[in-house]
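# Remarks on the overall topology
Residues per chain are reported as follows:
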There are 2 protein chains.
Amino acid sequence: MATNSIYQYSLVNALMSGVSSQGITTSRLLEKGNHGLGTFVRMNGELILLDGTIYQLQAGGQVRIADPNDEIPYAIATHFEPQQTHAVKLETKTSVDDTLETFAKQTNNLFVSYRVDGVFRSIKCRTVKGQEYDNQPLSELGKTQAVADYENIKGTIVGYRVPEIWQGIFVAGEHMHFISEKRDVGGHVLELSTGGSEVQLGLAVIKDIHIELPTSANFNAAILKTDDQGLKSVEG
Amino acid sequence: MATNSIYQYSLVNALMSGVSSQGITTSRLLEKGNHGLGTFVRMNGELILLDGTIYQLQAGGQVRIADPNDEIPYAIATHFEPQQTHAVKLETKTSVDDTLETFAKQTNNLFVSYRVDGVFRSIKCRTVKGQEYDNQPLSELGKTQAVADYENIKGTIVGYRVPEIWQGIFVAGEHMHFISEKRDVGGHVLELSTGGSEVQLGLAVIKDIHIELPTSANFNAAILKTDDQGLKSVEG
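The following refers to the structure shown.

Conventions used here
- Residues numbered from 1 in each chain as written.
- Chains lettered and ligands numbered in written order.
- Predicted model: local features only at pLDDT ≥ 70, side-chain atom pairs only at ≥ 80, totals over all residues.
- Heavy atoms only, no water.
- Helix = DSSP H or I, 4+ residues; strand = E, 2+ residues; numbered from the N terminus.
- Rg over C-alpha atoms; globule rule 2.2 N^0.38 Å.
- Buried < 20%, exposed > 50% of the residue type's maximum accessible area, 1.4 Å probe, protein only.
- Areas by Shrake-Rupley, 256 points an atom, 1.4 Å probe, with all protein chains shown as cover.
- Lys, Arg positive; Asp, Glu negative; His and termini not counted.
- Charge placed at Lys NZ, Arg CZ, Asp CG, Glu CD.
- Contact = heavy atoms within 4.5 Å.
- Salt bridge = Lys/Arg side-chain N within 4 Å of Asp/Glu carboxyl O.
- Polar contact = N/O pair within 3.5 Å; in protein donor to acceptor, adjacent residues only side chain to side chain.
- Nonpolar A, V, L, I, M, F, W, Y, C, P; charged D, E, K, R; others polar.
- Pairing = 2+ DSSP bridges.
- 1 Å grid on protein atoms, 1.4 Å probe; cavity = no way out; pocket = protein on both sides within 12 Å on 5 of 7 lines; lining within 4 Å.
- Points joined across faces, edges and corners; volume = space filled by probe spheres on them.
- Least-squares fit on C-alpha atoms with pLDDT ≥ 70 in both.

Attention now goes to the overall build of chain A. From N to C terminus, chain A includes six helices and 15 strands. Taking 2.2 N^0.38 as the reference for a compact globule, 236 residues should give roughly 18 Å; the C-alpha atoms of chain A span a radius of gyration of 16 Å, in line with that estimate. Overall size of chain A, expressed as C-alpha extent along the three principal axes, is 50 × 35 × 35 Å. Evaluated residue by residue, chain A yields a buried proportion of 57% over its 236 residues. By element, 46% of the accessible surface of chain A is carried by carbon and sulfur atoms, the whole surface being about 9000 Å². Within chain A, the 28 negative side-chain charges are centred at a point lying 1 Å from the centre of the 20 positive side-chain charges.

Interfaces are often sized by the accessible area lost when the parts come together. In this complex, chain B contributes 27 residues to the contact, which on the side of chain A involves 27 residues. Along the contact surface separating chain B from chain A lie two salt bridges. The residue A:Glu212 makes a salt bridge to B:Lys207 at a minimum N-O spacing of 3.2 Å. Here chain B and chain A share 17 residue pairs in polar contact (both at pLDDT 80 or more) between them. When grouped by side-chain class, the residues that make up the side of chain B that touches chain A number 14 nonpolar, nine polar and four charged. Here five bridges tie strand S15 (residues 208-212) of chain A to strand S15 (residues 208-212) of chain B, and the two strands are oriented antiparallel to one another.

Turning next to the pattern of salt bridges. In total, this model carries 30 salt bridges over all chains according to the counting rule given. Several salt bridges converge on common partners, so that one network encompasses A:Arg28, A:Glu212, B:Lys207 and B:Asp208.

Looking now at the layout of surface pockets. Left-over empty space is what a probe sized like a water molecule reveals as it rolls over the atoms. When its volume is computed, the largest pocket comes out at roughly 560 Å³. Lining the largest pocket we find 25 residues, and of these A:Asp97, A:Val162, A:Pro163, A:Glu164 and A:Gly173 sit closest to its centre. At the level of elements, helix H3 (94-103), strand S11 (146-162), strand S12 (173-180) and helix H6 (228-235) of chain A together with helix H5 (217-221) of chain B are the ones that each hand at least two residues to the lining of the largest pocket. Taken together, the residues of the lining of the largest pocket sort by class into ten nonpolar, seven polar and eight charged.

The transformation that overlays chain B on chain A combines an axial shift of 0.0 Å with a rotation of 180 degrees, and the residual RMSD is 0.0 Å. In short, the pair behaves as if placed about a two-fold rotation axis. Of every C-alpha in chain B, the one belonging to B:His210 sits nearest the axis of rotation, 2.2 Å from it. A high fraction, 100%, of the interface residues of chain B reappear at the interface in chain A, so the copies pair face to face through one surface.

This part covers the pairing of strand S14 (residues 199-206) of chain B. Residues and elements named next belong to chain B. Most of S14 sits inside the fold, with six of its eight residues counted as buried. Looking at chain direction, strand S10 (residues 111-127) and S14 are connected through seven bridges and run antiparallel. The residue of S14 that forms the bridge with Arg115 is Gly202.

Attention now goes to unusual backbone geometry. Positive phi is not limited to glycine here, since A:Asn4 has a value of about 55 degrees. Structurally, the position occupied by A:Asn4 is in the segment before strand S1 (6-9). Judged by relative accessible area, which is 11%, A:Asn4 ranks as buried. The residue B:Asn135 is not glycine, and still its phi comes out positive at about 60 degrees.

What follows covers the side chain of A:Asn220. Along the chain, the position of A:Asn220 falls in helix H5 (residues 217-221). Judged by relative accessible area, which is 3%, A:Asn220 ranks as buried. Among the polar contacts listed, one links the side chain of A:Asn220 to the backbone nitrogen of B:Asn109, at a separation of 2.9 Å. Residues in contact with A:Asn220, not counting those within four places in the same chain, are A:Thr215, B:Gln106, B:Thr107, B:Asn108, B:Asn109 and B:Leu110.

Below you can see the structure in the form of structure tokens.
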């Protein structure tokens, strides 16, 4: 995988349909990138891949480093080398979009990968609890997810910006996972603010997209349909 | 590019928005596959890539071998090695779908690439005439396309079957281009029948999808929206 390209295993629509009983190993994912996000088998928690280490952010609040043989039913990864870095203030999650727009002009139909390092005045994260039955859809898991607010916390966000027409293949719009510097908390970012202080933003514009589809009977039996509202409610 | 993976340059939605003034060279496309289909700058005719040669099927009825520096604003290509070959009868274009289903079971959410060699009792092909103004949308070009019927003609179809949720990124469903054995006629296949005789079908199920997005200002300025009805009318 070339630097600053995207590798994705499976489809967000497959997760929405609950397809998460198996996947690629963490060691396989590490061949595809040093930076990324995803989930684990049975959607047990959130995955963040940061500087070549894969962490599992569990719904109970624990963080563990993934085992080489853990299976990953969905992930997106990049060998990330920022093309630009900037000190920025981010007042909301949506301000990330405006900020990326400022620095990466004429890239509306391209992908952007980024990381944000620094102290967050507040950050709201969710972690999905694992499936309670086979093929339980992600939209249902969204209703029982654990949500936590952290204040004045130092850490890193790994994020992707994906154009709207890719909704369902990827998560369209902004998709970010966070982990604290102490590697003790984190999750899928629902809201954030740097409270007027600056954090470091590194970004890369991406034109090469690689998707590896699962070949399992479970994946092929799934009815894949893009549910824009459902996706926004659970991945927004 | 590994054998039996898919490379696509640009997006079908970009063509629908008329983005076709520039692209990759034919020599670049040949690095990505020996088998494929697409179009040329300003959507001037249809492209078929067969056994490592790129042909331009022009609306006037001529066929030419592409120059190494011709630019291709949209194409899909594969280093194709059939995993299965079968002697089959094909009564309609939609019968291709049923036939693929027979041989490639449990692949509903995967891609299939195929070729069909033999004598067609009848085959209806269209060739798009090039744009008359910048960014003229493909849906409009569909209205002035040249359509021709051929009978008892020997030749080859290059085709792809793409799952429904990819509509707009790719052409969902069946997408086939035809060229005669004499390399004198061809086009985008609208209808076909082998009239009860057998033709040779070779197919490969594909799980690895690579998409390279254009970085031009023209591409990034385009409003990309999936028009399912419009796409079916022009690429169906």
